[in-house]
Amino acid sequence: MNVRRLMALPVLALLLAGCGIRSTEVPTDFGPAPSRVRCSLSEPDVAAQASRGLAVQVFLLCGSSLVAVDRTVRVADGTADSERRVLVAQGLLDQLAEAPSTAEREAGYTTYVRGGMTVGGPRPGDPEDTLRLSTPPAELSAHALAQVVCTFSDSAAAEGDGSVILGGPDTTPLRRYDCTDELRTRPGSVQPPSSEVTGG
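Residues numbered from 1 in each chain as written. Predicted model: local features only at pLDDT ≥ 70, side-chain atom pairs only at ≥ 80, totals over all residues. Heavy atoms only, no water.

The terminal C-alpha atoms of helix 3 (residues 81–97), which comprises 17 residues, lie 24 Å apart, in line with the 24 Å expected from a rise of 1.5 Å per residue. What helix 3 keeps buried is the set Arg85, Val86, Val88, Ala89, Gln90, Gly91, Leu92, Leu93, Gln95 and Leu96. (Helix = DSSP H or I, 4+ residues; strand = E, 2+ residues; numbered from the N terminus. Expected span 1.5 Å × (residues − 1). Buried < 20%, exposed > 50% of the residue type's maximum accessible area, 1.4 Å probe, protein only.)

As structure tokens, this is what we get:
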């Protein structure tokens, strides 16, 4: 009897020890390590970008905020200022509509601006820095309009005062839109502050 008890002791000890993992109230399964920190991208190669065109920034959505991302647009040397403004604006629109790169998608970036939209300059009677979209601004989603407003207002397409005058293809009054800190942090919850433009 004593021999049987002695033989059972190692088995009992093994069962009690389990796999050698101590129980804990703290969860230890955190899943796989993220491949990239959210909303964080590696520094761009500025020299390589400059060789491809004019260095610009566009605003993409990451999380619930607008975040500036480096891009380039092509504008021929010697282009007149009025034409240059429109070419830059069109390049920015095209960049906004382009799907984010693999690295950007992995970091959480996305865009609400759809392809096919074009932009033109002022009509007679418009202020000289007016940009007219092929889609009326009021018909854009809140996120897309915020992206367009902040991208344009922070670029050579506008006057550089943090605002941009936008209109559509129709006779709807022009409006001056502002890119504010609140708009950048809550683009889907607030509309870009704007005021009607009465004339050139």
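The rest of the description comes next.
Attention now moves to the pattern of salt bridges. For the structure on display, the rule yields five salt bridges. Its salt-bridge partner being Arg176, residue Asp161 comes within 3.9 Å of it at the nearest N-O pair. Here Asp161, found in the loop between helix 5 (142–153) and strand 6 (163–167), pairs with Arg176, found in strand 7 (residues 175–178); they are 15 residues apart in sequence, far enough to count as distant. Taking the relative accessible area as the measure of exposure, Asp161 reaches 51% and is therefore exposed. Salt-bridge contacts for Arg184 lead to Asp181; the nearest nitrogen and oxygen are separated by 2.3 Å. Remark: Asp181 and Arg184 occur in helix 6 (residues 181–185); sequence separation between them is three residues, near one turn of the helix. With relative accessibility at 56%, the residue Asp181 sits in the exposed group. (Salt bridge = Lys/Arg side-chain N within 4 Å of Asp/Glu carboxyl O.)

What the five strands build is an open sheet, ordered 4-5-6-7-8; its pairing is mixed. Of all the strands in the sheet, the pair left with one neighbour each is strand 4 (119–120) and strand 8 (194–196). In this sheet, strand 6 lies alongside strand 5 (residues 130–133) in parallel orientation, the contact comprising three bridges. Within strand 6, the residue paired with Arg132 across the bridge is Gly167. Packing against the sheet, helix 5 makes contact with strand 5, strand 6 and strand 7, and its axis sits at approximately 125° to strand 6. (Pairing = 2+ DSSP bridges. Contact = heavy atoms within 4.5 Å. Axes fitted to C-alpha atoms, helices over the stretch in contact; angles between N-to-C directions.)

Here the focus is the sheet that holds strand 1 (residues 54–62). Spatial ordering of the open sheet is given by 2-1-3, a layout of three strands whose pairing is antiparallel. The two strands at the open ends of the sheet, each matched to only one other strand, are strand 2 (65–73) and strand 3 (109–110). Of the pairings in the sheet, the one linking strand 1 to strand 2 comprises nine bridges and is antiparallel in character. Looking at strand 2, one finds that Val58 is bridged to Val69.

Further remarks concern the packing of helix 3 against helix 5. Helix 5 packs onto helix 3 with a crossing angle of 140° between their chain directions and a minimal axis gap of 10 Å. Considering their axes alone, helix 3 and helix 5 lie oblique with respect to each other. Handedness of the crossing formed by helix 3 with helix 5: right-handed. Only Gln147, Val148, Thr151 and Phe152 of helix 5 make contact with helix 3, whose side of the interface consists of Ala89, Leu92, Leu93 and Leu96. Residues of the contact of helix 3 with helix 5, tallied by class, amount to six nonpolar, two polar and no charged. (Parallel < 35°, antiparallel > 145°, perpendicular 65-115°, else oblique. Left-handed = near helix turned anticlockwise from the far one by under 90°. Nonpolar A, V, L, I, M, F, W, Y, C, P; charged D, E, K, R; others polar.)

Before going further, it helps to spend a moment on the state of the cysteines. Under the criterion given, the structure shown has two disulfides. The disulfide bridge from Cys150 ends at Cys179, spanning 2.0 Å between sulfur atoms. Between Cys150 and Cys179, the S-S dihedral sits near 95°, and the bridge is therefore right-handed. Within this pair, whereas Cys150 is found in helix 5, its partner Cys179 is found in the loop between strand 7 and helix 6, the two being separated by 29 residues in sequence. In terms of burial, Cys150 and Cys179 fall into one category: buried. (Disulfide = S-S within 2.5 Å.)

The subject of this paragraph is the environment of Arg105. Among the secondary structure elements, Arg105 is positioned in helix 4 (residues 102–106). Spatially, the C-alpha atom of Arg105 lies 9.4 Å from that of Cys39, the residues being 66 residues apart in sequence. Reaching out from Arg105, the side chain makes a polar contact with the backbone oxygen of Pro100 at a distance of 2.8 Å. (Polar contact = N/O pair within 3.5 Å; in protein donor to acceptor, adjacent residues only side chain to side chain.)

These results come straight from atomic positions and should not be treated as a statement about function.
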